[in-house]
Amino acid sequence: MTGPWASWDHVLKVDPDKELLDGETFEDVAATGTDALEIGGTMDMTSEKMQRVVDACAAHDVPIYQEPSNPGVVIEHDALDGYLVPTVLNAGDPFWITGAHKEWARIDDDLDWANTHTEAYIVLNPEASVATYTEADCDLSAEEVASYAGVAERMFGQDIVYLEYSGTYGDPEVVAAAAEEVEDATLFYGGGIGDYESARGMAEHADTVVVGDLLHDEGVDAVAETVRGAKEA
Ligand SMILES: CC(C)=CCC/C(C)=C/CC/C(C)=C/CC/C(C)=C/COP(=O)(O)OP(=O)(O)O
Ligand SMILES: O=P(O)(O)OC[C@@H](O)CO
Ligand SMILES: [Mg+2]
């Protein structure tokens, strides 16, 4: 099993609960050179907000994936290339490992299985809303994180392993340890990437770097620098 993410160096995560900078458009977003857009966030998500962002991105030539934070925000849209659905391996509440997924399968009679893929998250910043939301155990050594990554790939057949430091720049040694453990899965790193150097630093270890808040806080030119950093690593 593999997918288009195997060739992605950079993913831009657009939070539908946040605005673009004044004067910037989704045409500018697509022009950053990112390999794919992931549409999602943890807090205050609704299907209406999701719909608005996918509508706005639809005209531009970049793959678009929805990353739903709960079954209630999943939308159908012709412009979507698919769904990247988190499963949080170190969640304290099993609802975020398999429970939400079971509920989704129960309520959606027309679930688009063929275009639905999972991301095996390991949540590592205890301050992030995603950590609170999922009651994640973030107190993990590099060895433990690497072991989770190995379990994700080899026992659970996960094709994407996602080290999630949302809001803060992570520990490169932890990312390196996970990278060493994973063979075929694509290793995503996300959190605190703000410029060329920080993108390049994590891209030395991870296969794909994910940039989020920078788009909403600093804008498309800053994001384009991170694309360069990710691609030159
Ligand atoms: C089964 C379905 C359809 C959904 C469940 C999917 C799961 C398990 C979600 C739990 C993890 C989660 C909330 C992922 C959303 C993506 C994410 C981590 C966004 C970044 O969040 P933060 O940066 O912490 O939050 P804000 O930026 O919204 O504050
Ligand atoms: O917002 P930042 O800190 O860039 O994090 C990116 C992404 O991993 C969030 O899910
Ligand atoms: Mg965020």
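From a predicted model like this one, the values you see are computed outputs, not experimental measurements.

Draft legend 1. Molecular detail of the site of ligand 2. Around ligand 2 sit K13, Y162, E164, S166, G167, G190, G191, G192, V210, V211, G212 and D213, and those are all the residues in its vicinity. Between ligand 2 and G212 there is a distance of 2.9 Å, counted from an oxygen atom to a backbone nitrogen or oxygen. In the environment of ligand 2, an oxygen atom lies 2.8 Å from a nitrogen or oxygen atom belonging to the backbone of D213. For ligand 2, the cavity whose grid points lie within 2 Å of the majority of its atoms is the largest pocket. Of all the secondary-structure elements, those providing two or more residues to the shell around ligand 2 are β6 (160-164) and β8 (208-211). Each residue belonging to the shell around ligand 2 can be placed in one class, and the counts come to three nonpolar, six polar and three charged.

Draft legend 2. The arrangement of the pattern of salt bridges in detail. Counted under the stated rule, the structure contains 15 salt bridges. Two residues, K13 and E164, come together in a salt bridge whose shortest N-O distance is 3.9 Å. Placement of the pair is K13 in strand β1 (residues 10-14) and E164 in strand β6, with a sequence separation of 151 residues. For K13, a relative accessible area of 12% gives the class buried. Between R154 and E181 there is a salt bridge whose closest N-O contact spans 3.5 Å. Here R154 is found in helix α5 (residues 142-155), whereas its partner E181 is found in helix α6 (residues 172-181), with 27 residues between them in sequence. Its relative accessible area of 46% is what places R154 among the partly exposed residues. Overlapping salt bridges bring together E153, R154, E181 and E183 as one network.

Draft legend 3. Expanded view of the side chain of T186. The residue T186 is located in strand β7 (residues 186-190) in this model. Ignoring any residue separated from it by four or fewer positions in sequence, one finds T186 in contact with W5, A6, D159, I160, V161, D207 and T208.

Draft legend 4. Up close: the environment of G167. Positionally, G167 belongs in the loop between β6 and α6. Considered as a pair, G167 and D213 are 46 residues apart in the sequence and their alpha carbons are 7.6 Å apart. Apart from residues lying up to four places away in sequence, G167 is in contact with N125, G191 and G192.

Draft legend 5. Quick peek at the site of ligand 1. Near ligand 1 lie 27 residues; those nearest to it are T42, M43, S129, V130 and S166. One of the backbone nitrogen or oxygen atoms of M43 is found 3.0 Å away from an oxygen atom of ligand 1. The backbone of V130 places a nitrogen or oxygen atom 3.0 Å from an oxygen atom of ligand 1. Mapping ligand 1 onto the cavity grids shows that it belongs to the largest pocket. Only β4 (82-88), α3 (99-107) and α4 (129-134) provide two or more residues apiece to the shell around ligand 1.

Draft legend 6. Just α3, in detail. Along α3, the residues that are buried comprise G99, A100, E103 and W104. Seen from one end, α3 has its buried residues packed into an arc of 140°, which puts them on one side.

Calculation criteria
- Residues numbered from 1 in each chain as written.
- Chains lettered and ligands numbered in written order.
- Predicted model: local features only at pLDDT ≥ 70, side-chain atom pairs only at ≥ 80, totals over all residues.
- Heavy atoms only, no water.
- Near = heavy atom within 4 Å.
- Polar contact = N/O pair within 3.5 Å; in protein donor to acceptor, adjacent residues only side chain to side chain.
- 1 Å grid on protein atoms, 1.4 Å probe; cavity = no way out; pocket = protein on both sides within 12 Å on 5 of 7 lines; lining within 4 Å.
- Sits in = over half its atoms within 2 Å of the grid points.
- Helix = DSSP H or I, 4+ residues; strand = E, 2+ residues; numbered from the N terminus.
- Nonpolar A, V, L, I, M, F, W, Y, C, P; charged D, E, K, R; others polar.
- Salt bridge = Lys/Arg side-chain N within 4 Å of Asp/Glu carboxyl O.
- Buried < 20%, exposed > 50% of the residue type's maximum accessible area, 1.4 Å probe, protein only.
- Contact = heavy atoms within 4.5 Å.
- Arc of directions from axis to C-beta.

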